Amino acid sequence: MPSTRRELLAAGALGAAGITILGKTASLAEAAPEREIAMKPALVVLFLRGGQDALNTLVPYTDGKYYDMRPNIAVPAPGEERGAIDLDGTFGLNPALTGFKKLWDKKMLAPIVNCGCPHPSRSHFDQQDFFEYGAPGDKSVRTGWLNRYLWSTTGSAGPAGEFRSVAIQGRLPRSLRGKYPVLAVPQRVLRGAGAGGDEDVLELFDDLYAAPPSMTKPGAMGERPDEDELTQNGRTTIDTLRKLEEILKGKQTGKVVRYPASAGYLGRQLAMTARVLKSGQGVEVVGIDWNGWDHHINQGGSGEQDTIFRMLSQLGSAIETFFEDVDSMKKKVNLLIMTEFGRTSRENGNFGTDHGRGGHMYLIGGNVAGGKIYGDWNLPRDRELPVTTDFRRVYTEVLRNHMRLHPSKNLFKGWTQPADDIGLYKQ
């Protein structure tokens, strides 16, 4: 059952769309095999909310300071029991991330170290806003960086009828909020329910009119209440709902990839993402959130029962399978992983870490110059990683080199892109 008025509205709209197109769902989803789809570049943005720990994900195992500062939760060096997976003789991956290692070996994975926001706030909410609006310290900017991209590249005919973006979750991320209409997927669709017959539709509308207007309660630390119920629903058009309905009900063509149980709920979101991208509908931007990375207590390192190990196992499995799913179009698909800030370099007294500053970003794709660590690495012997790469530099390089945004368009108020690129893409 949808938990908020916003989800009820979206679910009800989807149900209504299902009535109007019953029996006409195969035409778009069966349009062409994967190899024949001429798709535009697509960007999937995965936000790990809560402040995901960089150091126990990409392990600086040759730096003794790392082990000094994390005597209980550090990931052992490669070759040791439950040790890191070596990448380049300096960094290794948490052993949970075997899927990432495969992408690294294919030169599709590019980690960017010491990346983050120049503003020093350690507030989840402030930093998530800064990342999603692309305007550190400037709270006057209230449109998302991805929505600004969509709006700035809208054709002369306008956005009506276009299906260029979707959030594979019930709540529209702030990065996708703005003038351009973007659809968010109701939770019961993601859970495999609510796509059926008349009784279900009637139930949805009963719930819709019975639901009290209330704010969404945050699901876990690092996620704020969402006070703007209409932001999403004003953008949920019947046309895009119809297209999504057709995609999800239509028969899949080409290779059908099964996501393992280890991929969890993220795997379900990415499976739906892959299906939307392979439909040939022209979706260019997909937003996904994963909350729950605020590990003050019992974060751990590489033990099977450690919180971070379990979550990274799901992350690696889901993303590895996703790129298997979109393999025929991998040069057109990028996945960008981010979080609002890193964690403290020193562990705390509860086998966890606290809010820090610099973290890492990860860019994955067939056109990415992967198999290399990017950014200026710095692990000082104090509280946290410094920010040596502004996150907007990564955004701009992705938009210009992958999404083909014209260099004359600067989407970030008060900021100028450096003349040289980081070098994240193949020449």
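Everything quoted here is computed from the prediction, not taken from an experiment.

1. Here's the deal with the confidence of the model for the protein
Phase 1 of the analysis: Per-residue pLDDT for the protein averages 84, and the proportion of residues at 70 or more is 79%.
Phase 2 of the analysis: A low-confidence stretch, residues 1-37 stays under pLDDT 50, and its non-local contacts, those more than four residues away or across chains, total 85 contacts.
Phase 3 of the analysis: Of the regions scoring below 50 in pLDDT, residues 227-236 engages in 27 contacts with residues more than four places distant in sequence or in other chains.

2. Some points on unusual backbone geometry
Phase 1 of the analysis: Phi is positive for Asn114, which is not a glycine, with a value near 50°.
Phase 2 of the analysis: Looking at where Asn114 falls in the secondary structure, it is placed in strand S5 (residues 109-116).
Phase 3 of the analysis: Given the relative accessible area of 0%, Asn114 is considered buried.
Phase 4 of the analysis: Despite not being glycine, Asn298 shows a phi value in the positive range, around 55°.
Phase 5 of the analysis: Tracing the backbone shows Asn298 in the loop between strand S8 (285-291) and helix H12 (307-325).

3. What to know about helix H4 (residues 98-105)
Phase 1 of the analysis: All of the buried residues in H4 are Gly99, Phe100, Leu103 and Trp104. Viewed end-on, H4 has its buried residues packed into an arc of 145°, placing them on one side of the element.
Phase 2 of the analysis: Of the surrounding secondary structure, the elements contacted by the buried residues of H4 are strand S4 (92-93), S5, H12, strand S9 (333-338) and strand S10 (359-365).
Phase 3 of the analysis: In the segment just after H4, Lys107 is the residue with positive phi, at about 60°.

4. Here we look at the packing of H4 against H12
To characterise two packed helices, one gives the angle between the axes of the helices and the distance between these axes.
Phase 1 of the analysis: Where H4 contacts H12, the two axes come as close as 7 Å, and the packing angle between them is 40°. By the criterion of interaxial angle, the relationship of H4 to H12 is oblique. Across from Gly99, Phe100, Lys102 and Leu103 in H4, the residues of H12 making contact are Leu315, Gly316, Ile319, Glu320 and Phe323.
Phase 2 of the analysis: Per-class residue counts for the contact of H4 with H12 are 5 nonpolar, 2 polar and 2 charged.

5. Concerning the side chain of Arg393
Phase 1 of the analysis: Within the fold, Arg393 resides in helix H13 (residues 391-401).
Phase 2 of the analysis: A distance of 2.8 Å separates a polar atom in the side chain of Arg393 from the backbone oxygen of Asp420.
Phase 3 of the analysis: With sequence-adjacent residues up to four places away left out, Arg393 is seen in contact with Trp415, Gln417, Pro418, Asp420, Asp421 and Ile422.

6. As for the pattern of salt bridges
Close approach of charged atoms lets side chains of opposite charge pair.
Phase 1 of the analysis: Going through the model one piece at a time under the given rule, you end up with 22 salt bridges.
Phase 2 of the analysis: Between Asp126 and Lys139 there is a salt bridge whose closest N-O contact spans 3.0 Å. Residue Asp126 is found in helix H5 (residues 124-133), and its partner Lys139 is found in the loop between H5 and helix H6 (145-152); the two are separated by 13 residues along the sequence.
Phase 3 of the analysis: On the accessibility criterion, Lys139 (52% relative accessible area) is exposed.
Phase 4 of the analysis: In this structure, Asp325 and Lys278 form a salt bridge, with 2.6 Å as the shortest nitrogen-oxygen distance.

7. Remarks on the sheet that holds S10
Phase 1 of the analysis: The strand order S7-S6-S8-S1-S9-S10-S5-S11 describes an open sheet built from 8 strands, whose pairing is mixed. Each edge of the open sheet is held by one strand with a lone partner, namely strand S7 (183-184) and strand S11 (389-390).
Phase 2 of the analysis: As judged from the 5 bridges shared by S5 and S10, these two strands associate in the antiparallel manner. The residue of S10 that forms the bridge with Ile112 is Met361.

8. A short note on the sheet that holds strand S2 (residues 58-59)
Paired through backbone hydrogen bonds, the strands of a sheet run either parallel or antiparallel to each other.
Phase 1 of the analysis: Ordered in space as S2-S4-S3, the 3 strands form an open sheet in which the pairing is antiparallel. In this open sheet, the two strands that pair with only one neighbour each are S2 and strand S3 (85-86).
Phase 2 of the analysis: In terms of strand pairing, S2 meets S4 through 2 bridges, oriented antiparallel. Counterpart to Val59 in the pairing with S4 is Gly92.

9. Some thoughts on the packing of aromatic side chains
Phase 1 of the analysis: Summed over the entire model, instances satisfying the criterion amount to 11 aromatic pairs.
Phase 2 of the analysis: Ring geometry for Tyr66 against Tyr67: centres 4.8 Å apart, planes inclined by 75°, an arrangement best described as edge-to-face.
Phase 3 of the analysis: Note on Tyr66: relative accessible area 1%, which makes it buried.
Phase 4 of the analysis: Here the aromatic rings of Phe322 and Phe323 are separated by 5.2 Å at their centres, their planes lie at 80°, and the arrangement is edge-to-face.
Phase 5 of the analysis: The exposure class of Phe323 is buried, given its relative accessible area of 3%.
Phase 6 of the analysis: Among the aromatic residues, ring-to-ring pairing joins Phe47, Phe131, Trp145, Phe391, Tyr395, Phe412 and Trp415 into one connected group.
Phase 7 of the analysis: Its end group placed over the ring of Phe47, Arg49 keeps NZ or CZ at 4.3 Å from the ring centre.
Phase 8 of the analysis: Across from the ring centre of Phe391, 6.0 Å away, lies the NZ or CZ of Arg392, which sits over that ring.

Rules used in this analysis
Residues numbered from 1 in each chain as written. Predicted model: local features only at pLDDT ≥ 70, side-chain atom pairs only at ≥ 80, totals over all residues. Heavy atoms only, no water. pLDDT = per-residue confidence, 0-100. Contact = heavy atoms within 4.5 Å. Helix = DSSP H or I, 4+ residues; strand = E, 2+ residues; numbered from the N terminus. Buried < 20%, exposed > 50% of the residue type's maximum accessible area, 1.4 Å probe, protein only. Arc of directions from axis to C-beta. Axes fitted to C-alpha atoms, helices over the stretch in contact; angles between N-to-C directions. Parallel < 35°, antiparallel > 145°, perpendicular 65-115°, else oblique. Nonpolar A, V, L, I, M, F, W, Y, C, P; charged D, E, K, R; others polar. Polar contact = N/O pair within 3.5 Å; in protein donor to acceptor, adjacent residues only side chain to side chain. Salt bridge = Lys/Arg side-chain N within 4 Å of Asp/Glu carboxyl O. Pairing = 2+ DSSP bridges. Phe/Tyr/Trp six-rings, centres within 6.5 Å; stacked < 30°, edge-to-face > 60°. Lys NZ or Arg CZ within 6 Å of the ring centre and 35° of its normal.

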